[in-house]
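Descriptive structure summary
In case you want the letters, here they are:
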Amino acid sequence: MVMVMPSKTTASAIMRRKLVTLTEETTVMEAVAALLKYKISGAPVVDGDQRLLGLVSELDCTNHLVNALSNNEPTGYVSEVMTAEVKTVPPDATLLTLAHHFNQLRVKRLPVVDEGGRLVGQVSRVDLMQKLYELAKPKARAKAKPLYLSAVRDTDEIPAKLDPDSSW
């Protein structure tokens, strides 16, 4: 079976549009609460116009909390712990492009942004894997119903002849 990577499937077809987002003014404690509540490992940080400013991960928050607790300091804001330089993809990025970025960058998510830098969605590794699985899965074949032909007959019984010239 030969599989071909479809070139028409794009990030916009598999991205998640409803995202938990944070702002720079979100406290680290609020960010942690959101990550725990929604059971996510990170969230995009956006401004008032939904332009992407960065990402904050559970690792960012964990490291910040360890430092704050170790030094008996107050926790800060997302702007202090977020990763500001984030690789993004456009909505028309292909599956192959997404796979390449995940492989090279070793990230869990790629924000999808429009031409103006506004966050329009996010593709995670699991989103990509799900789509690739669907494409690689053998197509369900329609099962043919068995055709039963009765060839059993009583040797004393003469079959009806439809064609007088038939040898049957």
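Residues numbered from 1 in each chain as written. Predicted model: local features only at pLDDT ≥ 70, side-chain atom pairs only at ≥ 80, totals over all residues. Heavy atoms only, no water.

**A few points about the pairing of strand β1 (residues 42-46)**
How we decide: The buried label goes to any residue with under 20% of its type's maximum accessible area, the exposed label to any with over 50%, and the partly exposed label to all in between, with areas taken from a 1.4 Å probe on protein chains only. Strands are runs of DSSP state E lasting at least 2 residues, helices are runs of H or I lasting at least 4, and numbering of each runs from the N terminus. We call two strands paired when DSSP finds no fewer than two bridges between them.
Counting buried residues along β1, 5 of its 5 residues qualify, which places the element largely inside the surrounding structure. Here β1 runs beside strand β2 (residues 52-57); their pairing, made up of 5 bridges, is antiparallel. Bridging across to β2, Pro44 finds its partner in Leu55. Between β1 and β2, which pair antiparallel one after the other, the connecting turn spans 5 residues, and Gln50 there sits at a positive phi close to 65°.

**Some thoughts on the nonpolar core**
As a reminder, the rule being used: We define a nonpolar core as any set of buried Ala, Val, Leu, Ile, Met, Phe, Trp, Tyr and Cys residues linked to one another through side-chain atoms lying within 4.5 Å. Every residue pair with non-hydrogen atoms within 4.5 Å of one another is taken to be in contact.
In this structure, Leu22, Val28, Val45, Val56, Cys61 and Val78 are the most contacted members of the largest nonpolar core, which totals 14 residues. At 5 residues, helix α2 (residues 28-38) tops the list of elements feeding residues into this core. Each residue touching Val56, except ones within four places of it in the same chain, is listed here: Leu22, Gly42, Ala43, Val45, Cys61, Val78, Val81 and Met82. One finds Ala11, Met15, Leu98 and Val123 within the second-largest nonpolar core, a separate group that totals 12 residues.

**Some points on the pattern of salt bridges**
Worth spelling out the cut-off: We define a salt bridge as a contact between a side-chain nitrogen of Lys or Arg and a carboxyl oxygen of Asp or Glu at a distance within 4 Å.
Across all of its chains, the model carries 6 salt bridges by this definition. The partner of Lys108 in a salt bridge is Glu58, with the nearest N and O atoms 3.7 Å apart. You can see Lys108 sitting in the loop between α5 (95-105) and β3 (109-113) and its partner Glu58 sitting in helix α3 (residues 58-70), a full 50 residues away along the chain. A salt bridge links Lys131 to Glu134; its shortest N-O distance comes to 3.8 Å. Of this pair, Lys131 and Glu134 are both found in helix α6 (residues 125-136), 3 residues apart, which corresponds to roughly one turn of the helix. Its relative accessible area of 37% is what places Glu134 among the partly exposed residues. A network of salt bridges, in which partner residues are shared, links Asp47, Asp49 and Arg51.

**Topic: α3**
Our working definition: Multiply 1.5 Å by the residue count of a helix minus one, and that product is the helix's expected span. To be clear, the arc concerns the directions from the helix axis to the C-beta atoms. Any pair of nitrogen or oxygen atoms within 3.5 Å is treated as a polar contact; in protein, a donor-acceptor pairing is required on top of that, and neighbouring residues in sequence qualify only through side-chain atoms on both sides.
For α3, which comprises 13 residues, the first-to-last C-alpha distance of 18 Å matches the rise-based estimate of 18 Å (1.5 Å per residue) to within 8%. Along α3, the residues that are buried comprise Asp60, Cys61, His64, Leu65 and Ala68. For α3, the angular spread of buried residues about the axis comes to 125°, placing them on one side. Relative to its buried face, α3 has exposed residues pointing more than 90 degrees away, namely Leu59, Leu69 and Ser70. Between the side-chain oxygen of the N-cap and the backbone nitrogen of Leu59 there are 3.3 Å, and the N-cap of α3 in question is Ser57.

**As for the side chain of Thr9**
Looking at the element boundaries, Thr9 is found in the segment before α1 (11-14). Residue classification places Thr9 among the buried residues on the basis of a relative accessible area of 13%.

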